[in-house]
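Inside the fold
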Amino acid sequence: MINLVQTLCPYCGVGCGLEAVSQSTERKDQRIETAYKIRGDRAHPSSQGMVCVKGATIMESIAKDRLLYPMLRENLEAEFRRVSWEEALEKIVSEIQQTKAEFGVDALSMYGSGQFQTEDYYIAQKLFKGCLGTNNFDANSRLCMSSAVSGYIKSFGSDGPPCCYEDLDLTDCAFIIGSNMAECHPILFNRLRRHHKTKPGVKLIVVDPRRTQTAEVADLHLAIQPGTDIDLLNGIAYLLLKWEKCDRLFIQKHTNGFAEFCELVQFYPPEKVAITCGIPEQDLEIAAKYWAESQAVLSLWSMGINQSAQGTAKVQSIINLHLLTAQIGKPGAGAFSLTGQPNAMGGREAGGLSHLLPGYRSVKNPDHRRELEEHWGLSSGQISAQPGRDAWEIIRGIEQGEVQFLWIAATNPVVSFPDLVRTKKALKKCKFTVYQDAYYPTETSAYAHLLLPATQWSEKTGTMTNSERMVSLCPAFQPCMGESRHDWEIFAEVGRRLGFEPQFSFQDSGEVYTEFAKITKGRVCDHSGISHAILASEGAMQLPCAEPETRVSKITNKRLYTDLQFHTRDRRANFGAYHSQGMAEPTDLEYPFALTTGRLYGHWHTQTRTGRIPKIQQMHPNPFIEIHPRDAKKLGIEAQDLVEVRSRRGFAKFPALITNAIAPGVVFVPMHWGYLWADQAEANALTHPLACPDSLQPELKACAVQLKVCKH
Ligand code: SF4
């Protein structure tokens, strides 16, 4: 018997529709065996049947190395012992109560994930920010999307990428900055590439210190020095103003802050910017000319912009160019932040950062707090007005003894966090750490007192929102493994045991979603016209969606701000005037190289899934360090030599990949190898033992390092 399930890819924020096709066969012992194959879903509006290697092979990782039952230990040196859910839940409840009584509610914290479904996110907010009364919930989106969130809010008055994927087919000029789209968002890049190849005159500008696969096919590649993005963006603005290629009427009617911005931009003449960025002045002028002459300019960015000490300023500096030229709210144009994780967007909608509340609301806004308190049946003042601890503040809080209880779910911070030596030291000190995940072991499980087995994609039903604000239902189609439970169910059960029965009386995730959707009514991320049943019968829906839509009435390719009415008080967008501060940690004589990191096409983050898929392992068996031939020669490094990379915070070793694709003075390593996978890499590397790269993740997207070739 063949069964077909429509769902969404659980890796990157492109959010490709997948079809899981089952084939059931009867075995000799009369047991029915069901196997699933994955293919692209042609009916999904975002991806139209396309899928990359990660989505296509996802089933191969689902059953491997799973955490099957709760495990507890008294301290981090002790062995885990299997415990019942009853014991595990009671332990959490008593730890929460004790911590609260002894240290106050702000000694509790949770660190969640863009891998959560929206329902998981929402229940975690209700538990922590609502019922417990602490905003100490942050997520790995902090390391990924928080700059985009802040940039959108400051420029437009609300979060929410304003574009849709159709803009990739309609633009005259794509300006990709800080994103290796070809490897990190391959299905979107293929779509843009097709448009670029087939429509004469369409321009593709790529800004990246590396000549990535994305940059290879660009009309103009600006290989700027790390940390000079704002110089470049202000430099383009300078030329647009000088050439009078800005839309004065739009600026006058729809923006604030123009005069201050103009004043600041005068510090960025092309001759100065070209030197700072390390690019020919002529190339800067070509970039500005493409902006000036194109009818529709679409900028696209991801972690190369967001992961920065000046991330918000960089996002606003991109948006400034759109405001200057009125490239917003029309087909093929706009400032499009590409999300990293499958449900980073749903997390934002559900309030999954320490300063947010569900429905793109803010903890600082008294009206927003009141709306949520009323909705959740809580007393007035229950939600704290104080933004909670962000990801790094949680670590600092543990160091200072101010955070005593940490609940980590669906993420692997012991590989992905900055400054890992310090992070691990802090985690060792935490009085009680719960780690809730589908897999075991991960690098983070070594730092937990209590392990809780969670279901994952294919075993749980919930929704996810992709980069173009498309909400899809991901239904369960496989049984849970072992004793695993859904994330939202675990949070709700703890809530009930803490005395909040009425707040957590949900029967299933459909009811959770209905409650969440209701509180988004009238917001930019309006889900109120959607339910699980509607998504199941009508397919994915794009936000905002205030009324139920059918396949016939469905509005596709929605854009925000087509009426040029922004979500600020006066409905005008804001210019943001920012000077460039360069790299937060500049290179110097002792640490003369700028290290950057990024993803590879086949792997996903810390390899929790992709490291368990043979095809992807064969594709990318080892990490490497890209180094320019000139630097390699200077240091006596030859191809495949083991190179020790040392920052002020840690070190790692990688085989050298000598290439012109990286600028002199800059080196690159992929981000995926934590110590669990370094062992594997060591076996594969044959001649070169690889040291564990676990302490290297740079503090920011680029940090200063020194290099040394290792003797072997
Ligand atoms: Fe999944 Fe992203 Fe690949 Fe699409 S592009 S199949 S969402 S990993």
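These notes cover the structure that comes with them. These figures come from a predicted structure and were not determined experimentally. Each chain has its residues counted from 1, running along the sequence as written. In keeping with the model being predicted, local features are shown solely for residues with a pLDDT of at least 70 and side-chain atom pairs are shown and tallied solely at 80 or more, while totals for entire chains, interfaces and linings include all residues. The side-chain quantities take in all heavy atoms of the structure and omit both hydrogens and water.

A simple rule labels every residue: compare its accessible area, found with a 1.4 Å probe on the protein chains alone, to the largest value its type can have, and call it buried under 20%, exposed over 50%, or partly exposed in between. Strands here are runs of E lasting at least two residues and helices are runs of H or I lasting at least four, both read from the DSSP assignment and numbered beginning at the N terminus. By the criterion of burial, strand S23 (residues 593–598) is predominantly enclosed, with 6 of the 6 residues buried. Burial along S23 is two-sided: the residues Phe593, Leu595 and Thr597 and Ala594, Thr596 and Gly598 are all buried. Sheet topology places S23 next to strand S28 (residues 702–709); 4 bridges connect them, and they run antiparallel. Residue pairing for S28: Ala594 is matched across the bridge by Ala704. Here a strand pair is declared whenever DSSP counts at least two bridges between the two strands.

Before going further, it helps to spend a moment on helix H4 (residues 118–132). By definition here, a helix of n residues has an expected span of 1.5 Å times n minus one. Between its first and last C-alpha, H4 extends 20 Å over 15 residues, near the 21 Å set by a 1.5 Å rise per residue. Burial analysis of H4 places 15 of its 15 residues in the buried class, the great majority of the element. The positive-phi residue at the C-terminal boundary of H4 is Gly133, with phi of around 85°.

Salt bridges are identified by distance alone: a Lys or Arg side-chain nitrogen within 4 Å of an Asp or Glu carboxyl oxygen. Inspection of the entire model under this criterion finds 39 salt bridges. A salt bridge links Asp159 to Arg348; the nearest nitrogen and oxygen atoms lie 2.7 Å apart. Placement of Asp159 in the loop between helix H5 (146–156) and helix H6 (167–170) and of Arg348 in helix H17 (residues 344–349) is noted, with a sequence separation of 189 residues between them. The exposure class assigned to Asp159 is buried, which follows from its relative accessible area of 3%.

Here we come to the packing of aromatic side chains. Stacked, tilted and edge-to-face are the three classes applied to pairs of Phe, Tyr and Trp rings, where Trp contributes its six-membered ring and a pair requires centres within 6.5 Å; stacked means planes under 30 degrees apart, edge-to-face means over 60, and tilted covers the rest. By the definition in use, this model includes 25 aromatic pairs. Both rings, one in Phe175 and one in Trp291, keep their centres 5.5 Å apart while their planes meet at 70°; by these two values the pair is edge-to-face. Note that Phe175 is positioned in strand S8 (residues 173–177) and Trp291 in helix H14 (residues 281–293), a separation of 116 residues in sequence. In terms of burial, Phe175 and Trp291 fall into one category: buried. A ring pair is formed by Trp392 and Phe417, whose centres lie 6.2 Å apart and whose planes are at 40°; its orientation type is tilted. With Trp392 in helix H19 (residues 391–399) and Phe417 in the loop between helix H20 (413–416) and helix H21 (420–429), the pair connects residues that are 25 residues apart, well separated along the chain. Across the pair, exposure class does not vary: Trp392 and Phe417 are buried alike. Among the aromatic residues, those joined into a cluster by ring pairs are Phe116, Tyr121, Phe137, Phe405, Trp407, Phe432 and Phe491. Put simply, a charge is over a ring when the Lys NZ or the Arg CZ is close to the ring centre, within 6 Å, and near the line of the ring normal, within 35 degrees. The residue whose ring lies beneath Lys54 is Tyr601, and the NZ or CZ to ring-centre distance is 5.5 Å. The ring of Tyr268 has Lys272 sitting right over it, with the charged end atom 5.6 Å from the ring centre.

Below, the discussion takes up unusual backbone geometry. Outside of glycine, negative phi angles account for most residues, and trans bonds account for most peptide bonds. Residues Tyr440 and Pro441 are joined by a peptide bond in cis, for which omega reads 0°. As for its placement among the helices and strands, Pro441 is situated in the loop between strand S17 (432–437) and strand S18 (450–453). Here the amide bond leading from Leu543 into Pro544 is cis, since omega sits at -5°, within 30 degrees of zero. Counting through the fold element by element, Pro544 comes out in the loop between strand S21 (541–542) and strand S22 (573–574).

What follows deals with the sheet that holds strand S7 (residues 137–139). Strands in a sheet are paired, the pairing made by backbone hydrogen bonds, and the direction either parallel or antiparallel. With respect to topology, 7 strands assemble into an open sheet ordered S5-S4-S18-S17-S16-S6-S7, the strand pairing being mixed. Each edge of the open sheet is held by one strand with a lone partner, namely strand S5 (81–82) and S7. For this analysis, residues touch if any pair of their heavy atoms sits within 4.5 Å. Fitting a line to C-alpha atoms yields each axis, with helices limited to the stretch in contact; the angle taken between N-to-C directions then spans 0 to 180 degrees. Here helix H22 (residues 487–497) sits on the sheet and contacts strand S6 (108–112), strand S16 (405–409), S17 and S18; the angle it forms with S16, its principal contact strand, is near 155°.

A word on the site of the ligand. It suffices for a single heavy atom of a residue to lie within 4 Å of a molecule or strand for the residue to be listed as near it. Every residue close to the ligand is listed here: Cys9, Tyr11, Cys12, Gly15, Cys16, Val51, Cys52, Lys54, Gly55, Pro186 and Ile187. Put simply, the parts of the chain that give the shell around the ligand at least two residues each are helix H1 (53–57) and helix H8 (186–198). When residues are sorted by character, Ala, Val, Leu, Ile, Met, Phe, Trp, Tyr, Cys and Pro go into the nonpolar class, Asp, Glu, Lys and Arg into the charged class, and all the rest, Gly among them, into the polar class. A breakdown of the residues in the shell around the ligand according to their chemical character gives 8 nonpolar, 2 polar and 1 charged.

Right, let's get into H5. In an α-helix there are 3.6 residues to a turn, and that puts residues three or four apart on one side. Counting buried residues along H5, 8 of its 11 residues qualify, which places the element largely inside the surrounding structure. Listed in full, the buried residues belonging to H5 are Ser146, Ser147, Ala148, Val149, Gly151, Tyr152, Ser155 and Phe156. Immediately downstream of H5, the backbone of Gly157 shows phi near 90°, a positive value.

Glancing now at the packing of helix H10 (residues 229–242) against helix H12 (residues 258–265). Closest axis-to-axis distance for the H10/H12 pair is 9 Å, and the angle between their directions is 105°. Between H10 and H12, the angle is such that the two are roughly perpendicular. The residues of H12 that touch H10, namely those facing Asn234, Ala237, Tyr238 and Leu241, are Phe258, Phe261, Cys262, Leu264 and Val265. Among the residues forming the contact of H10 with H12, the class breakdown is 8 nonpolar, 1 polar and no charged. In these notes the angle categories are as follows: under 35 degrees is roughly parallel, over 145 is roughly antiparallel, 65 to 115 is roughly perpendicular, and the rest is oblique.

Moving on, we come to the nonpolar core. Residue types Ala, Val, Leu, Ile, Met, Phe, Trp, Tyr and Cys, when buried and joined through side-chain atoms within 4.5 Å, form a set referred to as a nonpolar core. The biggest cluster of nonpolar side chains holds 120 residues, and the ones touching the most others in it are Leu232, Ile236, Leu324 and Trp407. Residue contacts for Leu324: discarding those within four places in its chain leaves Ala237, Leu240, Leu241, Cys246, Asp247, Ile251, Phe258, Phe261 and Phe575.

Take the side chain of Asn320 next. Here Asn320 is to be found in helix H16 (residues 311–325). Taking relative accessible area as the criterion, Asn320 reaches 0% and is therefore assigned buried. Dropping the residues within four chain positions of it, Asn320 is found in contact with Phe261, Asn574, Phe575 and Gly576.

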